[in-house]
Amino acid sequence: MKQHTLGKTGKKVGVVGLGAWQLGADWGEVGEDEALAILTAAVDAGTTFIDTADVYGDGRSERIIGQFVKDRPGLTVATKMGRRVAQEPSAYTLDNFRAWTDRSRANLGVDTLDLVQLHCPPTPVYSADAVFDALDTLVQERRVAAYGVSVETCEEALTAIARPGVATVQIILNAFRLKPLERVLPAAAEAGVGIIARVPLASGLLSGKYNESTVFAEDDHRTYNRHGEAFDVGETFSGVDYTTGLAAVRRLAPLVPEGLTMAQFALRWILDQPGVSVVIPGARNAAQARANAAADRAESLPEETLRAVQEVYDELIRPQVHHRW
């Protein structure tokens, strides 16, 4: 798999990583054996970057990954912190950071976390010097090797990129979320900050597998967070109305090159964007993990296809999401 340098971490990572939210919770039940099979398939296919968070299954995702990486040297594991407590800026203190990272270090079975990211914190956190001083302290204490942020909005991303210690920015980027291409990716490239593209398949919408009659499990956020009832609505279907998303997918489907699935096409589109370090699709089974990794082997999309994706976005998606994120 092609390798990119992950921003200021200096680490080389395969361009298709693995998002591990589903190994914890919120996507229906994924058994431990299935979770380990997903990890094995992804890594065997060339994936070297795994992204998790302390809140995914309240540590379950981290613990499963920790069990897996013991026998797999050379992998880069990023985790996130801050969503296990009430979302108040006052919670983002050095003492809490130490406690949170100590828990993640124990879950993952490591002395030093490769990368810890603030997990979509309240917007004022990005402007607080004390927060970034505390993150610098974590690096000095070798609790973490590097730190970054996972953001909801482009403005949050730009504020973070201006911080000299920020190694990476994780942001929603997919064919339904093009706004980061305008300012965020160029600013990150200029600053040497890595871009981790999350929600790359718009919670599965861009897999092309769903329709108006699809029913998701009760414990799946695609059932209970469609209108932002549990957390930011942008995390579910990228904030796109489900019916509109289906219409957009039907417009995109004829653009998929022969031999690729709709999901691989969606991932290839992201890989073709200058400045993306790694994309982190999730996978519900080993076959999906292998198929996602194979997107790296597909040819880059032609210019006319990229223009057509932009047209679908401009006509159907931009009116819904562009002003928000």
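## Description of the packing of aromatic side chains
In this description, an aromatic ring pair is defined by two values, namely the gap between the centres and the angle between the planes.
(1) Moving on: Applying the stated criterion to the full structure yields 11 aromatic pairs.
(2) Moving on: Ring plane angle 85 degrees and centroid distance 5.0 Å describe the contact between Tyr-210 and Phe-216, whose orientation is recorded as edge-to-face.
(3) Moving on: The class of Phe-216 is buried, set by a relative accessible area of 9%.
(4) Moving on: Between Phe-216 and Phe-237, the aromatic rings sit 6.0 Å apart at their centres with planes inclined by 55 degrees, giving tilted as the arrangement.

## Thoughts on the nonpolar core
(1) Moving on: Phe-97, Val-169, Phe-176 and Leu-206 are the most contacted members of the largest nonpolar core, which totals 94 residues.
(2) Moving on: It is helix 9 (residues 262-271) that contributes the most residues to this core, 8 residues altogether.
(3) Moving on: Residues within four places of Phe-97 in sequence aside, it is in contact with Met-81, Tyr-92, Leu-118, Val-131, Ala-134, Leu-135 and Leu-138.
(4) Moving on: Grouped together as the second largest cluster of nonpolar side chains are 10 residues, Leu-6, Ala-146, Ile-196 and Val-278 included.

## Quick word on the packing of helix 3 (residues 94-108) against helix 4 (residues 129-140)
Geometry of a packed helix pair, given as the angle between the helix axes and the separation of the axes.
(1) Moving on: Contact pair helix 3 / helix 4: the axes reach a minimum separation of 9 Å and the direction vectors enclose 40 degrees. Here helix 3 lies oblique to helix 4, going by the angle between them. You can see that helix 3 and helix 4 cross each other, and the crossing is right-handed. Residue-level inspection shows Leu-94, Phe-97, Arg-98 and Thr-101 of helix 3 in contact with helix 4, the latter providing Val-131, Ala-134, Leu-135, Thr-137 and Leu-138.
(2) Moving on: Split into classes, the residues belonging to the contact of helix 3 with helix 4 amount to 6 nonpolar, 2 polar and 1 charged.

## Description of the pattern of salt bridges
(1) Moving on: If you walk through the whole model with that rule in mind, you get 19 salt bridges.
(2) Moving on: Here Glu-155 ties to Arg-183 by a salt bridge, and the two come within 2.9 Å at their closest N and O atoms. Pair noted here: Glu-155 is in helix 5 (residues 154-161) and Arg-183 is in the loop between strand 8 (166-172) and helix 6 (184-191), with a separation of 28 residues, a long-range link.
(3) Moving on: We classify Arg-183 as partly exposed; its relative accessible area is 49%.
(4) Moving on: In this structure, Arg-250 engages Glu-212 in a salt bridge whose closest nitrogen and oxygen atoms are separated by 2.9 Å. Here Arg-250, found in helix 8 (residues 242-252), pairs with Glu-212, found in the loop between strand 9 (194-198) and helix 7 (221-224); they are 38 residues apart in sequence, far enough to count as distant.
(5) Moving on: Of the residues examined, Arg-250 reaches a relative accessible area of 48% and is grouped as partly exposed.
(6) Moving on: The network of salt bridges with common partners includes Asp-95, Arg-98, Asp-102, Arg-105, Glu-141 and Arg-143.

## Overview of the side chain of Ser-150
(1) Moving on: Its place among the elements puts Ser-150 in strand 7 (residues 147-150).
(2) Moving on: In this view, Ser-150 contacts Lys-80, Gln-117, Leu-118, His-119, Cys-120, Pro-121, Tyr-126, Gln-170 and Arg-198; residues no more than four positions away in its chain are not counted.

## Concerning helix 5
(1) Moving on: In terms of burial, helix 5 is a largely internal element, 6 of the 8 residues being buried.
(2) Moving on: Along helix 5, the residues that are buried comprise Cys-154, Glu-156, Ala-157, Leu-158, Ala-160 and Ile-161.
(3) Moving on: Close packing links the buried residues of helix 5 with strand 7, strand 8 and helix 6.

## Thoughts on the pairing of strand 9
(1) Moving on: Of all 5 residues in strand 9, 5 are buried, a share of seventy percent or more.
(2) Moving on: A crossover links strand 8 with its parallel partner strand 9, the connecting element being helix 6, and its sense is right-handed.
(3) Moving on: Across 2 bridges, strand 9 lies against strand 10 (residues 278-279) in parallel orientation. Bridging from a neighbouring strand, Ile-196 pairs with Val-278 of strand 10.

Scoring rules and cut-offs
- Residues numbered from 1 in each chain as written.
- Predicted model: local features only at pLDDT ≥ 70, side-chain atom pairs only at ≥ 80, totals over all residues.
- Heavy atoms only, no water.
- Phe/Tyr/Trp six-rings, centres within 6.5 Å; stacked < 30°, edge-to-face > 60°.
- Buried < 20%, exposed > 50% of the residue type's maximum accessible area, 1.4 Å probe, protein only.
- Core = buried A, V, L, I, M, F, W, Y, C linked by side-chain atoms within 4.5 Å.
- Helix = DSSP H or I, 4+ residues; strand = E, 2+ residues; numbered from the N terminus.
- Contact = heavy atoms within 4.5 Å.
- Axes fitted to C-alpha atoms, helices over the stretch in contact; angles between N-to-C directions.
- Parallel < 35°, antiparallel > 145°, perpendicular 65-115°, else oblique.
- Left-handed = near helix turned anticlockwise from the far one by under 90°.
- Nonpolar A, V, L, I, M, F, W, Y, C, P; charged D, E, K, R; others polar.
- Salt bridge = Lys/Arg side-chain N within 4 Å of Asp/Glu carboxyl O.
- Right-handed = clockwise from strand over helix to strand, strands pointing away.
- Pairing = 2+ DSSP bridges.

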